[in-house]
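Coordinate analysis (summary)
Each chain is listed here by its residues.
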Amino acid sequence: MIHGWYTRLATLVSFSIAIILCMLSPIYHNQYCVHDLRMIPFVLGILYGGPYTGLALLAVLLVSRTMMYSWSIVAFVIYVVIFLMTVFGMKWFKFDRLSSRKKIIFSVFLFTIHSIVAALIAKAMTVFVIDESYLINFILLPSLGMLILTYICETLLKQIQIKQALVKIEKMEVLAQLAASISHEVKNPLTVIKGFLRLLHQENLPIGKKEQYLTIASSELNRAEDIINDYLTFARPDPEQVEDIAIAEQLHKLADMVEPLSNQQSVLVHKDIQEAMIVGNTRNFQQAFLNIIKNAIESMPKGGTLTIHSMVQKGGVTITITDTGTGMTPLQQARLGEPYFSTKEKGTGLGLMVSYRIIEAMRGVITVESRVGKGTSFQIIFPMDQRKNPSFN
């Protein structure tokens, strides 16, 4: 059954037009009657639209027939009987229980019974003669048309159902990605905070170091809060705040953030950073590179070297993050940035996906080179802010 008043109205209008067009294009006529394919849209409209739609189609059929050929009691009886038979037959024509194949067979069988009953009524009430031409044009050809049109209707309905199911699946996928992304992004600052809190338990820790660790932990809490707020306002995003980003300052800050994790993994961090200014969002910049740097450190479970390098060239700034970790295959490199793809056992791939999107939004270009057992190098090129770097104009 078709649900929704607007869907029923569209069904009524379309099948009414089909009935009138069929009556305007007869396929066979003799001295007793004119034959056309009006019964096909009439029966289909009842089966797919329901009894109320069918009742409206019955009225359209009777009015149209009267206007074209004058009133006929025989036609009235035939249409009413076919309407009642079709409504009764709808009990077996349940779309949720019958397969498309069975629906097609049932509709053709029901339509054939209609044609036979209509012929018997006409013969009983008039001097109507059932000849070979009548059998071909009123029973065989319309039944074949009913077969084709029911198949088309079932195919269209199935496509609509598949599309609706895909929309639901996509919505659930978006919700799952959103939930996993929130968990992943909030976990980054919490990991940094946890590391610095562990460092605060060290004996004989200088007061200056304690204050530094507490300051960084506090800033990471604020960053976690900002991330949560971003997702809470996802439906009504504010315009992104664009500002000047000091590359050297931010990369040094990121190196300090990952210090507890690098110490835990026995990773030596080497920095070779040149000062430059780019335009973007500072918090997004930190988020993108923290994901890349953290992944690089985690790829070296037995220790290694992490190199953070930035180089200023005319028109652009190149930032390179290189590790000596496990590396990746070409197939794994090709899938970087996809959701739910990760080389880590419990990774979601969402962190790197976010990094890719942020870098692309800042007009950056990211390339990856990796060899299994040798390590990985992420190279990101940003356009420079020429106003803040006049020496490179």
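Everything discussed here concerns the structure shown above.
Procedures and definitions
- Residues numbered from 1 in each chain as written.
- Predicted model: local features only at pLDDT ≥ 70, side-chain atom pairs only at ≥ 80, totals over all residues.
- Heavy atoms only, no water.
- Helix = DSSP H or I, 4+ residues; strand = E, 2+ residues; numbered from the N terminus.
- Buried < 20%, exposed > 50% of the residue type's maximum accessible area, 1.4 Å probe, protein only.
- Contact = heavy atoms within 4.5 Å.
- Areas by Shrake-Rupley, 256 points an atom, 1.4 Å probe, with all protein chains shown as cover.
- Pairing = 2+ DSSP bridges.
- Expected span 1.5 Å × (residues − 1).
- Core = buried A, V, L, I, M, F, W, Y, C linked by side-chain atoms within 4.5 Å.
- Axes fitted to C-alpha atoms, helices over the stretch in contact; angles between N-to-C directions.
- Parallel < 35°, antiparallel > 145°, perpendicular 65-115°, else oblique.
- Left-handed = near helix turned anticlockwise from the far one by under 90°.
- Nonpolar A, V, L, I, M, F, W, Y, C, P; charged D, E, K, R; others polar.
- Salt bridge = Lys/Arg side-chain N within 4 Å of Asp/Glu carboxyl O.

Moving on to the overall build of the protein. A tally of regular secondary structure across the protein gives twelve helices and nine strands. When burial is assessed residue by residue, the protein has 42% of its 393 residues classed as buried. Of all intrachain contacts in the protein linking residues separated by at least 6 positions in sequence, the fraction that spans at least 24 positions is 72%. For the protein, the accessible surface area stands at approximately 22,000 Å², while carbon and sulfur atoms represent 62% of it.

A one-sided burial pattern is seen for strand S8 (residues 365–371), the buried positions being Ile366, Val368 and Ser370 and the unburied ones Val365, Thr367, Glu369 and Arg371. As judged from the seven bridges shared by S8 and strand S9 (residues 375–383), these two strands associate in the antiparallel manner. In the sheet register, threonine 367 faces S9, and the bridge partner there is glutamine 379. Here S8 folds back onto S9 in antiparallel fashion, the turn holding three residues, of which glycine 373 has a positive phi close to 80 degrees.

Helical periodicity: at 3.6 residues per turn, an α-helix aligns residues three or four positions apart in one direction. The end-to-end C-alpha separation of helix H3 (residues 51–69) is 26 Å, in line with the 27 Å expected for 19 residues at 1.5 Å each. Buried within H3 we find Thr53, Gly54, Leu57, Leu58, Leu61, Leu62, Ser64 and Arg65. Just past H3, the residue serine 70 takes up positive phi, approximately 75 degrees.

Formed by 48 residues in total, the largest nonpolar core has its most connected members in Phe285, Phe289, Leu306, Ile319, Ile321, Phe378 and Phe382. Sequence-distant contacts of phenylalanine 285, that is, excluding residues within four places in its chain, are made with Ile245, Ile247, Gln250, Leu251, Ile278, Ile319, Ile358, Met362 and Phe382.

For the rest of this paragraph, the subject is the sheet that holds strand S7 (residues 316–323). Within the open sheet, the five strands sit side by side as S4-S6-S7-S9-S8. Their pairing is mixed. In this open sheet, the two edge strands, each paired with only one partner strand, are strand S4 (267–272) and S8. Ignoring which end each strand starts from, the neighbouring axes of this sheet average 10 degrees apart. In the packing of helix H8 (residues 247–257) onto the sheet, contacts are made with S4, strand S6 (304–313) and S7, and the angle to S6 comes to roughly 170 degrees.

Now for helix H2 (residues 39–49). With eleven of its eleven residues buried, H2 lies for the most part within the structure. Listing the buried residues of H2 in full gives Met39, Ile40, Pro41, Phe42, Val43, Leu44, Gly45, Ile46, Leu47, Tyr48 and Gly49. Phi turns positive one or two residues past the end of H2, at glycine 50, with a value near 100 degrees.

Where H3 meets helix H4 (residues 73–89), the axes come as close as 11 Å, and the angle between the chain directions of the two elements is 165 degrees. The pairing of H3 with H4 is recorded here as roughly antiparallel in orientation. As H3 packs across H4, the resulting crossing turns out to be right-handed. Contacts between H3 and H4 pair Pro51, Gly54, Leu55, Leu58, Leu61, Leu62 and Arg65 from the former with Ala75, Phe76, Tyr79, Val80, Phe83 and Val87 from the latter. Each residue belonging to the contact of H3 with H4 can be placed in one class, and the counts come to eleven nonpolar, one polar and one charged.

The full count for this structure, using the stated rule, is three salt bridges. Of the charged contacts, one joins glutamate 154 and lysine 103 as a salt bridge, the two residues approaching to 3.8 Å between their closest N and O atoms. In this pair, glutamate 154 sits in helix H6 (residues 132–200) while lysine 103 sits in helix H5 (residues 100–125), placing the two residues 51 residues apart along the sequence. Classification of lysine 103 as buried rests on a relative accessible area of 5%. Salt-bridge contacts for glutamate 298 lead to lysine 294; the nearest nitrogen and oxygen are separated by 2.8 Å. Separated by four residues within a single helix, glutamate 298 and lysine 294 lie in helix H10 (residues 282–298), roughly one turn from each other.

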